[in-house]
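Structural features, examined
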Amino acid sequence: MKPLSQRTLSLCLLAGIASLYGCGGIPKQAAAPSEATVAAHVQAATRAAGTDLGEVLTLCKPAPAARAGQEEMEKGLRALIGKPAPPPGRAFDNLYFVGADWSSAWAIDTSEGIILIDALNTPMEAAALIEGGLRKQGLDPARIRYIIVSHGHGDHYGGAPYLAQKYGARVVMSDLDWTMTETRLEFATPIWGAPPKRDISVKDGDRITLGNTSVTLHVIPGHTWGTLASVFDVAWQGKTHRVLLWGGTGFNFGKDIPRLEAYGASTQRMASLSRSEGIDVMLSNHSRMDGSQAKLEKLRQDPGTPANPFVIGQPTVERTLTVMNQCALAQRDRFALMP
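Report follows, based on the coordinates. In every chain, residue numbers begin from 1 and rise along the written sequence. Under the rules for a predicted model, residues below a pLDDT of 70 receive no local features and side-chain atom pairs below 80 are neither given nor counted, while totals for whole chains, interfaces and linings still include all residues. Side-chain metrics rest on all non-hydrogen atoms present in the structure, leaving aside hydrogens and water.

**Brief notes about the overall build of the chain**
Labels follow the DSSP assignment, with helices taken as runs of H or I lasting at least four residues and strands as runs of E lasting at least two, numbered in each case from the N terminus. A tally of regular secondary structure across the chain gives 13 helices and 12 strands. Between the two quantities, the radius of gyration covers C-alpha atoms and the globule rule is 2.2 Å times the number of residues to the power 0.38. The C-alpha radius of gyration of the chain comes to 19 Å, within 12% of the 20 Å expected for a compact globule of 339 residues. Counting only C-alpha atoms, the chain reaches 55 × 45 × 35 Å along its principal axes. For every residue, the accessible area obtained with a 1.4 Å probe (protein chains only) is divided by the maximum for its type, and the residue is called buried under 20%, exposed over 50%, and partly exposed between those limits. Scored against the burial criterion, the 339 residues of the chain give a buried share of 55%. Excluding contacts between residues fewer than 6 apart, the proportion of contacts in the chain whose partners are at least 24 apart in sequence is 70%. A contact between two residues is defined here by any heavy atoms of the two lying within 4.5 Å.

This is how it looks when you write it as structure tokens:
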């Protein structure tokens, strides 16, 4: 067996990955990759998706083996940023959507200020949608104390330097993704500008606490090696619900089998966490994946409803993670079959 690389060793130290995959980088599976294993994973994902998780199931579509070129990436990015933004909205008593059509931003209102999760693509978006959205919801953006960046791609950190400088907010990212943004960005474009300067660096299981609210941060390698999942409590009509905000979903990194294996391990570990902590709400930082815009519209139509549409229940959270897991493994096997 070849000696483990530093990156592989770091991943194996993350809770759950060693037990799920072993530290040799070879996933535990019953059969070698084949067209049959791809089909089996897609079928398992389809069963788990049922009739309500169709958007998540799109992860099972074949992903490109090569990343998009710079010109193609920037053209697509401008088109996505150019889409009309949805209105901001309250998802729970203490949680607000202040994002764009494509990228999401979530604001947790605590007794001592606001914890913002992700900061959109650009300072212009941050000013119009995050600052403007908070004000429309009756919140003062000057109360932003922390900006948790879910992973080191510009559609989530683009507005962070602007907000941090204006309000003195601290910027939080995983140590792995801080290192990525400081060395070699996976996706670099002047549309996003420079990433924020290293501030608060977190590891798996670290917490950010502000007033009456704590956010536990779990490193979930896959979308990037240092993607974060945020777990925290929200309230609705006197009841507390537990949220898992998944910080990076798509397979936009090309033919990288170890990364897909890590993604699969991350989904299994978070499924176990959802059971142990009774997580009954799952959010994304791209609203297409969690249906947040439609759910917010339901709340606008019936703001006093006891049946909050964001509360999907722990079994559905686990089904969502199963779909993501099986689609990642299907894609892994597709790539493994390529020459």
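**A short note on the packing of helix α10 (residues 257-277) against helix α13 (residues 314-337)**
Put simply, α10 and α13 touch, their axes get as near as 9 Å, and they point 165° apart. In terms of their interaxial angle, α10 and α13 are classed as roughly antiparallel. Considering only the axes of α10 and α13, their crossing is left-handed. In contact with Ile257, Leu260, Glu261, Tyr263, Gly264, Thr267, Gln268, Met270, Ala271, Ser274 and Arg275 of α10, α13 contributes Gln314, Val317, Glu318, Leu321, Met324, Asn325, Ala328, Gln331, Arg332, Phe335 and Ala336. Ten residues, namely Ala, Val, Leu, Ile, Met, Phe, Trp, Tyr, Cys and Pro, are considered nonpolar, four, namely Asp, Glu, Lys and Arg, are considered charged, and the remaining ones, Gly among them, are considered polar. For the contact of α10 with α13, the class distribution of residues is 11 nonpolar, seven polar and four charged. A fitted line through C-alpha atoms represents every axis, and for helices the fit uses only the stretch in contact; the resulting angles, taken between N-to-C directions, go from 0 to 180 degrees. Here is the rule for angles: anything less than 35 degrees is roughly parallel, anything more than 145 is roughly antiparallel, 65 through 115 is roughly perpendicular, and the remaining ranges are oblique. In this scheme the handedness of a crossing depends on how the near helix is turned from the far one: anticlockwise by less than a right angle means left-handed, clockwise means right-handed.

**Let's talk about the sheet that holds strand β8 (residues 207-210)**
Backbone-to-backbone hydrogen bonds join strands into a sheet, with any given pair of strands oriented parallel or antiparallel. Strand pairing is assigned whenever DSSP identifies at least 2 bridges connecting the two strands. If you walk across this open sheet you meet the five strands as β8-β9-β10-β11-β12, and the pairing is mixed. Since the sheet does not close on itself, it has two edges, and those belong to β8 and β12 (281-284), each with one partner. Averaged over all neighbouring strand pairs, the angle between strand axes comes to 25°, with direction disregarded. With four bridges connecting them, strand β11 (residues 239-246) and β12 associate as parallel partners. Within the sheet, the bridge partner assigned to leucine 244 lies in β12 and is methionine 282.

**Observations regarding the environment of proline 84**
As for its placement among the helices and strands, proline 84 is situated in the loop between α5 (70-81) and β1 (89-92). A relative accessible area of 69% means that proline 84 is categorised as exposed. In sequence terms proline 84 and serine 111 are 27 residues apart; their C-alpha atoms lie 32 Å from each other.

**Considerations on the pairing of β1**
Relative to strand β2 (residues 95-97), β1 runs antiparallel, the two sharing three bridges. Looking at the pairing, arginine 90 lines up with tyrosine 96 of β2. The antiparallel pairing of β1 with β2 creates a hairpin that spans two residues between the two strands.

**Structural notes on the packing of helix α6 (residues 123-136) against helix α8 (residues 160-167)**
Where α6 meets α8, the closest approach of the two axes is 8 Å, and the angle between their N-to-C directions is 60°. Here α6 lies oblique to α8, going by the angle between them. Counted together, Pro123, Ala126, Ala127, Ile130, Glu131 and Arg135 of α6 and Tyr162, Leu163, Lys166 and Tyr167 of α8 form the full contact between these two elements. By residue class, the composition of the contact of α6 with α8 is seven nonpolar, no polar and three charged.

**A closer look at the sheet that holds β1**
The mixed open sheet is built from seven strands, whose spatial order is β1-β2-β3-β4-β5-β6-β7. Two strands bound the open sheet, and with one partner strand each, they are β1 and β7 (200-202). The sheet shows a mean angle of 25° between the axes of neighbouring strands, direction not considered. Judged from the three bridges that link them, β2 and strand β3 (residues 106-110) form a sheet pairing that is antiparallel.

**What to know about unusual backbone geometry**
For aspartate 118, which is not glycine, the phi dihedral falls at a positive 80°. Relative to the helices and strands, aspartate 118 resides in the loop between β4 (113-117) and α6. You can call aspartate 118 buried: its relative accessible area is 1%. One non-glycine residue, glutamine 237, adopts positive backbone phi at about 50°. A relative accessible area of 44% means that glutamine 237 is categorised as partly exposed.

**Describing helix α9 (residues 175-183)**
Along α9, the positions that sit buried rather than exposed are Asp177, Trp178, Met180 and Thr181. Within α9, the buried residues cover an arc of 160° as seen down the axis, which keeps them to one side. As for α9, its buried residues are in contact with β6 (170-174) and β7. The arc in question is the one traced by the directions running from the helix axis out to the C-beta atoms.

**Concerning the environment of alanine 229**
Here alanine 229 lies in strand β10 (residues 228-236). In this structure, the C-alpha to C-alpha distance between alanine 229 and leucine 245, residues 16 residues apart in sequence, is 5.6 Å. Ignoring anything within four residues of it in the chain, the contact list for alanine 229 reads Thr216, Leu217, His218, Ile220, Leu244, Leu245, Gly247 and Met270.

**Let's talk about the environment of lysine 197**
Among the secondary structure elements, lysine 197 is positioned in the loop between α9 and β7. Sequence-wise, lysine 197 and proline 141 are 56 residues apart; in three dimensions their C-alpha atoms are separated by 21 Å.

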